[in-house]
Amino acid sequence: TPMSGKMFTFSQQVPFPGTLAAKEQMAQHAAAAALAAFQDREGTIVSLVKQAYFSLAFLDRAIEITAKNEALLKDFVRIAQTKYAVGRGVQQDVLKAQVSRSGLMDRLVVLKSQRKMAEAGLNLVLNRPPQESVGGPGEILLTPFEMPLEEIQKAALESRPLLKGIDQTIRQWAASENLARRLYWPNFDFSFGYRQRSVVPGDPVAGSDFLSFGIGMNLPIYRGRKQRQQVLEAQAKSRMAEAQREAARQRVLFQVQTIYLRIKRHREEAELFKTAILPQAEQSLESAMAGYQVDKVDFLKLLNNQLTL
């Protein structure tokens, strides 16, 4: 028929100015927040590996010391039995030494079990079979630590990826609010078409090709019930993210202060053990050993001094 033909149409929707920019900002901030969460998780994994490493170092040292004490108490049992056999000791000394040695043997069982669990925990972080052997950590030395608390807290607030991620989330919801406000305005549709018609012999109406051009737009007539609610949602989520950031900030400060105080306490304890407690315990044991050999110190005091050391 005269109006039939082949129609080719090209159309393009053009959002209201600023809409695409707001969507781009939302996507950029969402990607930055996801990257920050990934980086924060990386830091958590590094921390878990370090904690497992130092736990293994402590347990290996504890097992070594406990095993030496158990071997020493084995000698004590033999000495007590010998003195009791020749009438120079009492049976209570033998029994006390045996009980103390059994306690250390039980302690060894517990420590070895804890080491296997710590080893399995490290394998879990490393994504390896839990029963796989990880070897033994090297010697642990006390390292210098002179940073003030305020400086550490400042560094934590500036570099913690968790806080940076929440900042990006806040910006994301600000961009979402901007986008919702842009949706108050219509989007436009532009179209361009070409119709090709063939001339049919004998047709009284000769067909002619023609071009067409159209403009359309949507009317956001429900913006009070739709776009306005999207604005309120974005504002509420932005306030929620701000509250989460403040909570995370306080949590970081608390964690840093707690760890700082623990470091300070452990360093003071280490110095006290090194300069006072261990030397005094060693001297007390040496004195008890010398007195026991000449029967001036009873066996229980010797045993207690050894267990104290």
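Since we're looking at a predicted model, the values are computed, not measured.

Let us now look at the overall build of the protein. In terms of regular secondary structure, the protein is built from six helices and three strands. In the protein, the succession of α and β elements from N to C terminus is β-α-α-α-α-β-β-α-α. In summary, the protein has a C-alpha radius of gyration of 39 Å against a globular reference of 19 Å for 309 residues, an excess of more than 25%. Scored against the burial criterion, the 309 residues of the protein give a buried share of 25%. A total accessible area of about 21000 Å² is found for the protein, and carbon and sulfur atoms account for 59% of it. The centroid of the 41 positive side-chain charges in the protein is displaced by 6 Å from the centroid of its 31 negative side-chain charges.

Here helix α2 (residues 91-125) crosses helix α6 (residues 299-308) at 15 degrees, and the two axes come no closer than 9 Å. In terms of their interaxial angle, α2 and α6 are classed as roughly parallel. Judged by the sense of rotation from one axis to the other, the crossing of α2 with α6 is right-handed. Where α2 approaches α6, its residues Gln92, Asp93, Lys96, Ala97, Ser100 and Leu104 are matched on the opposing element by Phe299, Leu300, Leu303, Asn304 and Leu307.

Turning next to the nonpolar core. Within the largest apolar cluster, 14 residues are counted, with the highest numbers of intra-cluster contacts made by Leu73, Phe76, Phe299, Leu302 and Leu303. When residues of this core are traced back to their parent elements, those giving at least two are α1 (19-85), α2, α5 (227-293) and α6. Here the element with the most residues in this core is α1; it accounts for four residues. When residues no more than four places from it in sequence are discounted, the contact partners of Leu303 are Leu73, Phe76, Lys96, Ala97 and Ser100.

With that out of the way, let us pick up the packing of α1 against α2. Two numbers describe how α1 lies on α2: the axes approach to 8 Å, and their chain directions differ by 160 degrees. On the basis of their axis angle, the class for α1 and α2 is roughly antiparallel. Crossing geometry of α1 relative to α2 is assigned as left-handed.

Mapped onto the elements of the fold, Gln114 is located in helix α2. A relative accessible area of 32% means that Gln114 is categorised as partly exposed. Sequence-wise, Gln114 and Asn305 are 191 residues apart; in three dimensions their C-alpha atoms are separated by 27 Å.

On the surface, a cluster of nonpolar side chains totalling about 940 Å² of accessible area is made up of Phe8, Phe10, Val14, Phe190, Phe192, Tyr194, Leu211, Phe213 and Ile215. Contributions of two or more residues to the nonpolar patch are made by β1 (6-14), β2 (188-196) and β3 (210-217). With respect to the helices and strands, Phe10 occurs in strand β1. The class for Phe10 is exposed, based on a relative accessible area of 59%.

Spatially, the three strands line up as an open sheet ordered β1-β2-β3, and their pairing is antiparallel. A single partner strand is all that each edge strand has here, and the edge strands are β1 and β3. Across the sheet, the mean angle from the axis of one strand to that of its neighbour is 15 degrees, orientation sign disregarded. Sheet topology places β2 next to β3; eight bridges connect them, and they run antiparallel. What sits directly across from Asp189, in β3, is Gly216.

The subject of this paragraph is the side chain of Thr66. Structurally, Thr66 can be placed in helix α1. Those residues within four positions of Thr66 in sequence are excluded, and the remaining contacts are Leu104, Arg107, Leu108 and Leu111.

A few words now on α5. Given a rise of 1.5 Å per residue, 67 residues ought to cover 99 Å, and the 93 Å separating the end C-alpha atoms of α5 matches this to within 8%. Of all the bends in α5, the greatest, near 50 degrees, is centred on Phe273. Of the residues flanking the end of α5, it is Asp295, one or two places downstream, whose phi is positive at about 60 degrees.

One can expect most non-glycine residues to show negative phi and most peptide bonds to be in trans. With phi around 60 degrees, Asn127 is a residue other than glycine that occupies positive phi space. By secondary structure assignment, the location of Asn127 is in the loop between α2 and α3 (149-159). Under the relative-accessibility criterion, Asn127 is labelled exposed at 71%.

Definitions and limits used
- Residues numbered from 1 in each chain as written.
- Predicted model: local features only at pLDDT ≥ 70, side-chain atom pairs only at ≥ 80, totals over all residues.
- Heavy atoms only, no water.
- Helix = DSSP H or I, 4+ residues; strand = E, 2+ residues; numbered from the N terminus.
- Rg over C-alpha atoms; globule rule 2.2 N^0.38 Å.
- Buried < 20%, exposed > 50% of the residue type's maximum accessible area, 1.4 Å probe, protein only.
- Areas by Shrake-Rupley, 256 points an atom, 1.4 Å probe, with all protein chains shown as cover.
- Lys, Arg positive; Asp, Glu negative; His and termini not counted.
- Charge placed at Lys NZ, Arg CZ, Asp CG, Glu CD.
- Axes fitted to C-alpha atoms, helices over the stretch in contact; angles between N-to-C directions.
- Parallel < 35°, antiparallel > 145°, perpendicular 65-115°, else oblique.
- Left-handed = near helix turned anticlockwise from the far one by under 90°.
- Contact = heavy atoms within 4.5 Å.
- Core = buried A, V, L, I, M, F, W, Y, C linked by side-chain atoms within 4.5 Å.
- Patch = residues over 30% accessible without salt bridge, like charges linked within 9 Å, V, L, I, M, F, W, Y side chains within 5 Å.
- Salt bridge = Lys/Arg side-chain N within 4 Å of Asp/Glu carboxyl O.
- Pairing = 2+ DSSP bridges.
- Expected span 1.5 Å × (residues − 1).
- Bend = angle between axes of the 7 residues up to and from the residue.

Shape is all these values report; function is a separate question.
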